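The residues making up each chain are set out below.
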Protein chains: 2
Amino acid sequence: MTRVALWVAYEGTNFSGYQTQPNGRTIQDEMEKALSRIHKGAKLRIHSSGRTDTSVHARGQVVHFDTTLTIPAERWPKALNACLPADIRIMEASIVADDFHSRYHAVKKEYRYRVLLRPDGDVFRRNVTHLVSYELSIAKMKKAAEALIGTYDFSSFCAANTSVVDKVRTLYEVSIDYDRDELIFTLVGSGFLYNMVRIIVGTLLEIGAGKRDVEELANILAAKDRTIAGKTAPGSGLFLWKVSYESEIFSDSY
Amino acid sequence: MTRVALWVAYEGTNFSGYQTQPNGRTIQDEMEKALSRIHKGAKLRIHSSGRTDTSVHARGQVVHFDTTLTIPAERWPKALNACLPADIRIMEASIVADDFHSRYHAVKKEYRYRVLLRPDGDVFRRNVTHLVSYELSIAKMKKAAEALIGTYDFSSFCAANTSVVDKVRTLYEVSIDYDRDELIFTLVGSGFLYNMVRIIVGTLLEIGAGKRDVEELANILAAKDRTIAGKTAPGSGLFLWKVSYESEIFSDSY
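Residues numbered from 1 in each chain as written. Chains lettered and ligands numbered in written order. Predicted model: local features only at pLDDT ≥ 70, side-chain atom pairs only at ≥ 80, totals over all residues. Heavy atoms only, no water.

The name given to chain A in an unreviewed UniProt entry is tRNA pseudouridine synthase A, with the source organism recorded as Halalkalibacter wakoensis JCM 9140. The UniProt entry for chain A carries this comment under Catalytic activity (unreviewed entry): "uridine(38/39/40) in tRNA = pseudouridine(38/39/40) in tRNA". UniProt lists a comment for chain A under the heading Subunit (unreviewed entry), and it reads "Homodimer." (UniProt positions renumbered as here; feature names shortened; annotations may be inferred.)

And the structure:
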């Protein structure tokens, strides 16, 4: 058996999220179908660094699977892409150690969230941004975000419907960049709770809009209570950007 | 009556082209529905600078209509966008002379065609580019394109199923720019025949791929015969970029 890790990109718009489910098109199902075709109908299971929700995108999702085939790493992307729909692309493959696990061995994850600042939107970016037509104070959001850096119990920023018990995570970076008509939030952390990025962004947007004070964020964090944080920002702006492991699996372009 | 001209952008992916038709979602239908809502159910007719086909996009389509309402120009985009789907956006409106016609008064049109040069494609650009995975000589395509500049009978580059009799058009510019992993073809002309840009690009790609000689293009043009030109390139890469009139209708950002 050989364990193969894949760098996967997808546009989440036309998927019911990453994880396989009885109804709806999912990224996991499409990839397992493609693998099955390559393995003459045998069913294979793919494991990912974590699921993504409906309409959420990935630039750098990492998954792994075991195979009896002896295809060289550099030939896997072409073989799989030929069987995959155009909204999922395998960017690179790497033969990894037999005990490598895309989820359990991830040491750092980066998410980005794109906010489009155009009153009327943009037809070409409507599926890959969250449109905000109200005024935002970037300075206030940056100031508020500082309170999130560090190791905390992020219960206030975790969707209520989760089975995870330990809600302590470390955030290394929460930055906000301004690029023409877009705001790009970059969040880097040891790991993320369910909906954590979207609830943080949603709360920061409420602060930026002046609906909440900058100082509130520290209180929200301390309260460990989802109900007092802001709204969950829409999935369309969210990208799983990069997953890091102890040693690099892919080339420099990852 | 007031005549209003609109600058319209749309992503053509989920439309059966611009022009109204019995089956399928069209840009004209969506816009006429939106206008009807604003005019309390009255049916209005929209005229465009020209139709676009299925999956073809517009950055700068121009349309016009007549209204009895006295809404100021700057308020039309917001009013219409509130009634339009997110893949059509009104970018700007302008009150024009009663005899202005978006099609008959157009003096110049610019189209762009995006070719994506990545063997495995890109999930985020799959609907707005044409994916080419073979090697292309840009120098050969540029050289060949020179033969197209000027006033000619472009019958060889016009889809056979057209009722247009006069096929003489003037091309002012056919340029090819290289931007990281994309080729961008820019075609500026007095007007364009049905499928003209896509047949020109398709033929240039065959020359770039070495399937045809650079010198062939002049012969194809001279033959006035669609059957000897190249394949029609897919609609997904094509953008109606800009339509020009004797005097400017919109702001500098158009």
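Topic: the overall build of chain A
Along its length, chain A carries 5 helices and 10 strands. For chain A, the C-alpha radius of gyration of 19 Å lies close to 18 Å, the compact-globule estimate for 254 residues. Principal-axis analysis of the C-alpha atoms gives chain A an extent of 60 × 40 × 35 Å. By the burial criterion, 56% of the 254 residues in chain A qualify as buried. Put simply, 71% of the contacts in chain A that link residues at least 6 apart link residues at least 24 apart. Of the accessible surface of chain A, which amounts to about 11700 Å², a share of 48% is contributed by carbon and sulfur atoms. (Helix = DSSP H or I, 4+ residues; strand = E, 2+ residues; numbered from the N terminus. Rg over C-alpha atoms; globule rule 2.2 N^0.38 Å. Buried < 20%, exposed > 50% of the residue type's maximum accessible area, 1.4 Å probe, protein only. Contact = heavy atoms within 4.5 Å. Areas by Shrake-Rupley, 256 points an atom, 1.4 Å probe, with all protein chains shown as cover.)

Some words on the UniProt feature "active site" (unreviewed entry) in chain A
Residue and element names in this part refer to chain A. The UniProt record marks Asp-53 with the feature "active site" (unreviewed entry), using the residue numbering of this structure. Examined against the element boundaries, Asp-53 turns out to sit in the loop between strand S2 (47–48) and strand S3 (57–67). Those residues in contact with Asp-53, other than ones at most four positions away along the chain, are Gly-17, Tyr-194, Asn-195 and Arg-198.

Notes on the relation of the copies chain A and chain B
When chain A is fitted to chain B, the best match, at an RMSD of 0.0 Å, comes from turning it 180 degrees and sliding it 0.0 Å along the axis. Such a combination of turn and shift is consistent with a two-fold rotation axis. Looking at chain A, 100% of its interface residues are interface residues in chain B too, so the copies touch through the same face. (Least-squares fit on C-alpha atoms with pLDDT ≥ 70 in both.)

Some remarks on the side chain of Glu-206 of chain A
Residue and element names in this part refer to chain A. With respect to the helices and strands, the residue Glu-206 is situated in helix H4 (residues 196–208). Looking at Glu-206, its side chain comes within polar contact range of the main-chain nitrogen of Lys-231, at 2.9 Å. The contact partners of Glu-206, leaving out residues within four places of it in the chain, are Lys-211, Arg-212, Gly-230 and Lys-231. (Polar contact = N/O pair within 3.5 Å; in protein donor to acceptor, adjacent residues only side chain to side chain.)

Regarding the packing of helix H3 (residues 138–145) of chain B against helix H4 (residues 196–208) of chain B
All names here are of chain B. For the pair H3 and H4, the least separation of the axes is 8 Å and the interaxial angle reads 135 degrees. Relative to H4, the element H3 is oriented oblique. Along this stretch, H3 crosses H4, giving a crossing that reads as right-handed. Contacts between H3 and H4 pair Lys-140, Met-141, Ala-144 and Ala-145 from the former with Leu-204, Leu-205, Ile-207 and Gly-208 from the latter. Class assignment for the residues of the contact of H3 with H4 results in 6 nonpolar, 1 polar and 1 charged. (Axes fitted to C-alpha atoms, helices over the stretch in contact; angles between N-to-C directions. Parallel < 35°, antiparallel > 145°, perpendicular 65-115°, else oblique. Left-handed = near helix turned anticlockwise from the far one by under 90°. Nonpolar A, V, L, I, M, F, W, Y, C, P; charged D, E, K, R; others polar.)

Looking at the interface of chain A and chain B
Facing the 23 residues of chain A at the interface are 23 residues of chain B. Note on chain A versus chain B: buried area summed over both sides is about 1600 Å², and carbon and sulfur give 60% of it. At the junction of chain A and chain B, the tally comes to 4 salt bridges. The shortest N-O distance in the salt bridge between Asp-87 of chain B and Arg-126 of chain A comes to 3.9 Å. Between the two partners, chain A and chain B, sit 6 residue pairs in polar contact (both at pLDDT 80 or more). (Buried area = accessible area lost by both parts, 1.4 Å probe. Salt bridge = Lys/Arg side-chain N within 4 Å of Asp/Glu carboxyl O.)

Here's the deal with H4 of chain A
With 13 residues, H4 of chain A should cover 18 Å at 1.5 Å per step; its first-to-last C-alpha distance of 18 Å lies within 8% of that length. Downstream of H4 of chain A by a residue or two, Gly-210 of chain A has a phi angle that is positive, lying close to 85 degrees. (Expected span 1.5 Å × (residues − 1).)

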